Amino acid sequence: MTRIVDLFGEEPTISFEFFPPKDEESEQRLLDTMDELARLEPTFTSVTYGALGSTRDHTRDLVTKFNAEYPFPTMAHLTCIGHKKSEVLDLLDHYAEHGVENILALGGDPPEDGSDIGDFEYALELVEFVRDHPADFSVGVAAQPELHPRSPSVESDRKHLAEKLEVADFGVTQFSWGVEPYTRMVNELADLDCHKPVIPGVMLFINIHAMRRMSEMNNTAIPDDLWQRCLEVDGDPKAVRLLGTEVCADLSQRLIDAGAPGLHLYTLNRPTATADLVGRLGLRA
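Student: Teacher, can you tell me more about the pairing of strand 8 (residues 262-266) here?
Tutor: Regular strands have side chains that alternate between both faces of the sheet. By the criterion of burial, strand 8 is predominantly enclosed, with 5 of the 5 residues buried. Where strand 1 (residues 13-18) meets strand 8, 5 bridges bridge the pair, whose relative direction is parallel. Looking across to strand 8, one finds that Phe-16 is bridged to Leu-265. With 3 bridges connecting them, strand 7 (residues 198-203) and strand 8 associate as parallel partners. Paired with Met-203 across the bridge in strand 8 is Tyr-266.

Student: Would you mind going over the side chain of Asp-169 with me for this structure?
Tutor: Checked against the element boundaries, Asp-169 lands in the loop between helix 5 (154-167) and strand 6 (170-175). Within the structure, the side chain of Asp-169 is placed 2.7 Å from the side chain of Arg-131, a separation counted as a polar contact. If we ignore the near neighbours within four places in the chain, the residues touching Asp-169 are Arg-3, Val-5, Arg-131, Phe-137, Ser-138, Val-139, Lys-196 and Pro-197.

Student: Help me understand the sheet that holds strand 5 (residues 138-143) in this model?
Tutor: Strand pairing in a sheet relies on backbone hydrogen bonds, with the paired strands running either antiparallel or parallel. With respect to topology, 8 strands assemble into a closed barrel ordered 1-2-3-4-5-6-7-8, the strand pairing being parallel. Averaged over all adjacent pairs, the angle separating strand axes in this sheet is 30°, with direction ignored. Two elements, strand 2 (residues 44-47) and strand 3 (residues 74-79), share 3 bridges in a ladder whose sense is parallel. Residue pairing across strands places Thr-45 opposite Thr-74, the latter belonging to strand 3. Strands strand 3, strand 4 (102-106) and strand 5 of the sheet are contacted by helix 4 (residues 123-131), whose axis makes an angle of about 155° with strand 4. Its contacts with the sheet put helix 6 (residues 180-191) on strand 5, strand 6 and strand 7, and the angle it makes with strand 7 is roughly 160°.

Student: When you look at the layout of surface pockets in this model, what are you seeing that I'm missing?
Tutor: Sizing a probe to match a water molecule and rolling it over the atoms shows the empty space that remains. In this structure, the second largest pocket encloses a volume near 210 Å³. Listed by contribution, the elements that provide at least two residues to the lining of the second largest pocket are helix 9 (237-257) and helix 10 (272-281). Among the elements that take part in the lining of the second largest pocket, helix 9 stands out by supplying 4 residues, more than any other. Partitioned by chemical class, the residues of the lining of the second largest pocket number 6 nonpolar, 4 polar and 5 charged.

Student: How should the environment of Ser-156 be read in this particular structure?
Tutor: Tracing the backbone shows Ser-156 in helix 5. Ser-156 sits in the buried class, given a relative accessible area of 18%. Sequence-wise, Ser-156 and Glu-87 are 69 residues apart; in three dimensions their C-alpha atoms are separated by 30 Å.

Student: Help me understand empty space enclosed by the protein, please; the structure alone is not making it clear to me.
Tutor: One pass over the full model with this rule turns up 1 cavity of 30 Å³ or more. Along its surface, the largest cavity is lined by Pro-145, Thr-173, Gln-174, Ser-176, Gly-178, Tyr-182, Pro-200, Gly-201 and Leu-255. Its residues assigned to classes, the lining of the largest cavity shows 4 nonpolar, 5 polar and no charged.

Student: It is not clear to me how the environment of Phe-205 should be interpreted in this structure. Could you clarify?
Tutor: Positionally, Phe-205 belongs in the loop between strand 7 and helix 7 (208-217). Beyond its immediate stretch of four places on either side in the chain, Phe-205 contacts Trp-177, Met-211, Cys-230, Val-240, Leu-243, Gly-244, Val-247, Cys-248 and Leu-268.

Student: When you look at the packing of aromatic side chains in this model, what are you seeing that I'm missing?
Tutor: The description of an aromatic ring pair rests on the distance of the ring centres and on the angle between the ring planes. Counted according to the given criterion, the structure contains 7 aromatic pairs. Aromatic pair Tyr-70 and Phe-72: ring centres 5.5 Å apart, planes at 15°, arrangement stacked. On the basis of an interplanar angle of 75° and a centroid distance of 6.4 Å, the ring pair of Phe-175 and Tyr-266 is categorised as edge-to-face. A residue pair is termed long-range when its members are at least 10 positions apart, and Phe-175 in strand 6 and Tyr-266 in strand 8 qualify at 91 residues. Residue Phe-175 is classed as buried on the basis of its relative accessible area of 3%.

Parameters at a glance
Residues numbered from 1 in each chain as written. Predicted model: local features only at pLDDT ≥ 70, side-chain atom pairs only at ≥ 80, totals over all residues. Heavy atoms only, no water. Buried < 20%, exposed > 50% of the residue type's maximum accessible area, 1.4 Å probe, protein only. Helix = DSSP H or I, 4+ residues; strand = E, 2+ residues; numbered from the N terminus. Pairing = 2+ DSSP bridges. Polar contact = N/O pair within 3.5 Å; in protein donor to acceptor, adjacent residues only side chain to side chain. Contact = heavy atoms within 4.5 Å. Axes fitted to C-alpha atoms, helices over the stretch in contact; angles between N-to-C directions. 1 Å grid on protein atoms, 1.4 Å probe; cavity = no way out; pocket = protein on both sides within 12 Å on 5 of 7 lines; lining within 4 Å. Points joined across faces, edges and corners; volume = space filled by probe spheres on them. Nonpolar A, V, L, I, M, F, W, Y, C, P; charged D, E, K, R; others polar. Phe/Tyr/Trp six-rings, centres within 6.5 Å; stacked < 30°, edge-to-face > 60°.

Laid out in structure tokens, this is it:
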């Protein structure tokens, strides 16, 4: 397979994110979506990991399957909160044995009931743990352009992000609805002498109220003019999808023009909006 860190070059990367489905019908839809989007020749794909390891086995099996069946690498998301080091080591050993070379190392959310957080407290500890594995994984970390919901300040957030990136190979951001939060974050990292590639995330929304809910959860501001346009098409699924494609295609092009090394598209496990957007950008066949 291929280490993602080796794929950055003059042309922007294009990557797709999927989440583990909850039932057999959704599973088949994901497999069909992956088949369809594979024709677009993404640079890589990734599979998310549920809070406190709730999708551990499912994420592991999907990542292993996709890496074996497609010509591009699939990156495994891995959160550490709530895990013992032995559990993480078992996963890393499995990935190494099956040719998976890329890990997105995440902290994850602490248990709401105040129970044991496990052997890790911060994502940096997981990055260092993965780095110590003999398999020599390519390691990515998460970034939040606007501000992580649990960060006390922008200065603290950027300092910790720079510390993670110093050990990791690259970053992938949470989605935002404008270019300025991303470029500001990159400039703030540069001020800390951190120049690792950070790929902006773009969420391809197909439901207005789900878009708003996810934005609120991630501390992502929706510009007033965009929200007004969303309200004008709310209740018309086709119009919502077309608006989402238009908005995200424009945002994606402006991110690339601003110097982003690639785009990470949150597909919501559906192919149409992703295929439409990539077609508009002309990044792949």
